[in-house]
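# Residue-level structure breakdown
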Amino acid sequence: MGNVALENSIIDVIKTIYDPEIPVDVYELGLIYEVKINSDQSVEVEMTLTSPNCPVAESLPKEVEDKIASVEGVKSAKVNIVFEPTWDQTMMSEEAKLELGFL
């Protein structure tokens, strides 16, 4: 499986993970800043949270790691939580904005 196909599989599984306070998946919300596939098929993800006090600050990154690690072809997954740049509503996809009534 090439990296493009693998990245698409990873994004598909990320889209099954929802922020508990907003009925939109974390990818469409714009919380995933980077998906990096290393040559050894380990995956590093930079993601943020809607706020530093997010009630799932502990469990959400673990869920992202576990689901990515379960993707065929992925050796391991590591999520790094970052707060720069700060997340805001402009980072949401058009689909997410539509779902939440911002459009």
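Below is a short write-up of the structure.

Definitions and limits used
- Residues numbered from 1 in each chain as written.
- Predicted model: local features only at pLDDT ≥ 70, side-chain atom pairs only at ≥ 80, totals over all residues.
- Heavy atoms only, no water.
- Pairing = 2+ DSSP bridges.
- Helix = DSSP H or I, 4+ residues; strand = E, 2+ residues; numbered from the N terminus.
- Axes fitted to C-alpha atoms, helices over the stretch in contact; angles between N-to-C directions.
- Contact = heavy atoms within 4.5 Å.

Glancing now at the sheet that holds strand β2 (residues 42–47). With respect to topology, three strands assemble into an open sheet ordered β1-β2-β3, the strand pairing being mixed. The sheet terminates laterally at β1 (32–37) and β3 (76–81), the two strands that pair on one side only. Adjacent strand axes in the sheet meet at a mean angle of 15 degrees, parallel and antiparallel pairs treated alike. Pairing analysis gives five bridges linking β1 to β2, with the strands arranged antiparallel. The partner of Lys 36 across the bridge, within β2, is Glu 44. The strands that helix α2 (residues 59–69) touches are β2 and β3; relative to β3, the one it contacts most, it runs at about 155 degrees.

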